[in-house]
Structures are given as C-alpha cells and as structure tokens.
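Residue strings, one per chain:
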Amino acid sequence: MSRCRATLDCNQLGRLASLTHLALSGCHLTTVPPQLSTLTNLVHLNLATNRLEGHGWGYLLPLTRLASLDLRHQLGNRRLLLPGGLLALCSLRVRMYCGTCVLSKPEYC
C-alpha cells in the first residue's frame with residue numbers, strides 16, 4: 001500500500017504480533033509510533049513519505065528481525081539520526097533519498 005487508505009489506529013498495532021511486512025508510507029507520521037516496538041516479527045517496514053523527525057527511533061530497537069527499513073522522502077527533513085543500536089542488526093538495509101544505502105556494520109557482521 002503506497003498511501004494510507006484507512007485511518008491508522010496505532011493502538012491496534014500490538015494485536016498484530018505475527019506481522020512480518022508493514023507499510024505505513026504516506027500516513028503523515030511525525031514520530032515513530034511506540035506500538036511498533038511490539039511487532040518483533042517485522043522483517044520489512046516501510047515508513048517512506050512521512051514527516052518523521054528525530055523522535056521515537058528507539059522503538060525500532062526491539063525489531064531484531066528487521067531486514068528492510070524504507071525511509072525515503074521524509075518531507076521537510078533532510079537529516080535523520082537513527083540510533084546506533086540499529087547498526088547491530090547485521091542484515092538491515094535502509095532505503096533513503098538516493099536509492100539503497102547500507103549502514104556501516106560492526107566488524108562481527
């Protein structure tokens with residue numbers, strides 16, 4: 001889903017614990033919803049085309065299975081500061097403004 005077609009009730013996200021793919025692109029998010037931290041089976045998360053700022057990135061740290069994080073086209077924000085703990089996810093690929101960018105990985109990866 002490239003655009004939200006329904007009202008997003010983040011309080012219901014916790015009920016989707018077995019979810020592996022989630023697209024929240026174009027949902028007018030300004031922060032990462034704290035309820036995402038309960039979705040520990042997520043492998044692919046699309047947060048593109050929102051207005052995410054520097055708040056709430058720590059809610060992604062429990063998502064240790066996350067392999068793909070799409071952060072393209074964050075409207076009004078030229079710089080996103082992700083927590084260093086995300087670098088510990090050896091298989092994580094982050095898509096940003098100019099295609100696929102791979103974060104620097106710790107030596108043990």
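Calculation criteria
Residues numbered from 1 in each chain as written. Predicted model: local features only at pLDDT ≥ 70, side-chain atom pairs only at ≥ 80, totals over all residues. Heavy atoms only, no water. Helix = DSSP H or I, 4+ residues; strand = E, 2+ residues; numbered from the N terminus. Buried < 20%, exposed > 50% of the residue type's maximum accessible area, 1.4 Å probe, protein only. Areas by Shrake-Rupley, 256 points an atom, 1.4 Å probe, with all protein chains shown as cover. Core = buried A, V, L, I, M, F, W, Y, C linked by side-chain atoms within 4.5 Å. Contact = heavy atoms within 4.5 Å. Salt bridge = Lys/Arg side-chain N within 4 Å of Asp/Glu carboxyl O. pLDDT = per-residue confidence, 0-100. Polar contact = N/O pair within 3.5 Å; in protein donor to acceptor, adjacent residues only side chain to side chain.

Visitor: Go over the overall build of the protein chain with me, naming the residues and quoting the values.
Guide: When you go through the protein chain residue by residue, the secondary structure sums to 0 helices and 5 strands. Put simply, the protein chain runs from its N terminus to its C terminus through helices and strands in the order β-β-β-β-β. Every one of the 109 residues in the protein chain was classed for burial, and the buried ones make up 32%. Element-wise, carbon and sulfur atoms account for 53% of the exposed surface of the protein chain, whose accessible area totals about 6300 Å².

Visitor: I'd like a rundown of the nonpolar core, residues and numbers included.
Guide: If you look at the biggest cluster of nonpolar residues, it comprises 22 residues, and the most contacted ones within it are Leu22, Leu36, Leu45, Leu47, Leu60, Leu66 and Leu69. Contact partners of Leu36, with chain neighbours within four places excluded, come to Leu13, Leu22, Leu24, Leu45, Tyr59, Leu60 and Leu63.

Visitor: Help me get a handle on unusual backbone geometry, residues and values and all.
Guide: Even without being glycine, His28 reaches a positive phi, approximately 60°. Inspection of the secondary structure assignment puts His28 in the loop between strand 1 (21-23) and strand 2 (44-46). In this structure His28 comes out as exposed when scored by relative accessible area, which is 67%.

Visitor: I'd like a description of the pattern of salt bridges, backed by residues and values.
Guide: Under the counting rule described, the total for this entry stands at 1 salt bridge. Here Asp70 makes a salt bridge to Arg72, at a shortest N to O gap of 2.6 Å. Exposure remark for Asp70: the relative accessible area of 7% places this residue in the buried category. A residue is classified by how much of its surface remains accessible, and Arg72, at 22% relative accessible area, is partly exposed.

Visitor: Requested: an account of the environment of Asp70, with residues and values cited.
Guide: Tracing the backbone through its elements, the reader meets Asp70 in strand 3 (residues 68-70). For the pair Asp70 and Asn46, spaced 24 residues apart in the sequence, the C-alpha separation amounts to 4.6 Å. Setting aside anything within four residues of it in sequence, one finds Asp70 in contact with Leu45, Asn46, Leu47, Ala48 and Arg95.

Visitor: So what about the confidence of the model for the protein chain? Which residues, and what values?
Guide: Confidence along the protein chain averages 76 in pLDDT terms, with 69% of residues attaining 70 or more. Segment residues 98-109: pLDDT under 50, and 20 contacts once partners within four positions in sequence are set aside and those in other chains are kept.

Visitor: Tell me what's going on with the side chain of Asn46, and back it up with residues and numbers.
Guide: Among the structural elements, Asn46 can be located in strand 2. Among the polar contacts listed, one links the side chain of Asn46 to the backbone nitrogen of Ala48, at a separation of 2.9 Å. When near neighbours in sequence (up to four residues on either side) are disregarded, Asn46 contacts Leu22, Ala23, Leu24, Ser25 and Asp70.

Visitor: Could you give me a rundown of the environment of Val94, with the residues and numbers involved?
Guide: Relative to the assigned elements, Val94 resides in strand 4 (residues 93-96). A C-alpha to C-alpha distance of 8.4 Å links Val94 and Ala67, two positions 27 residues apart in sequence.

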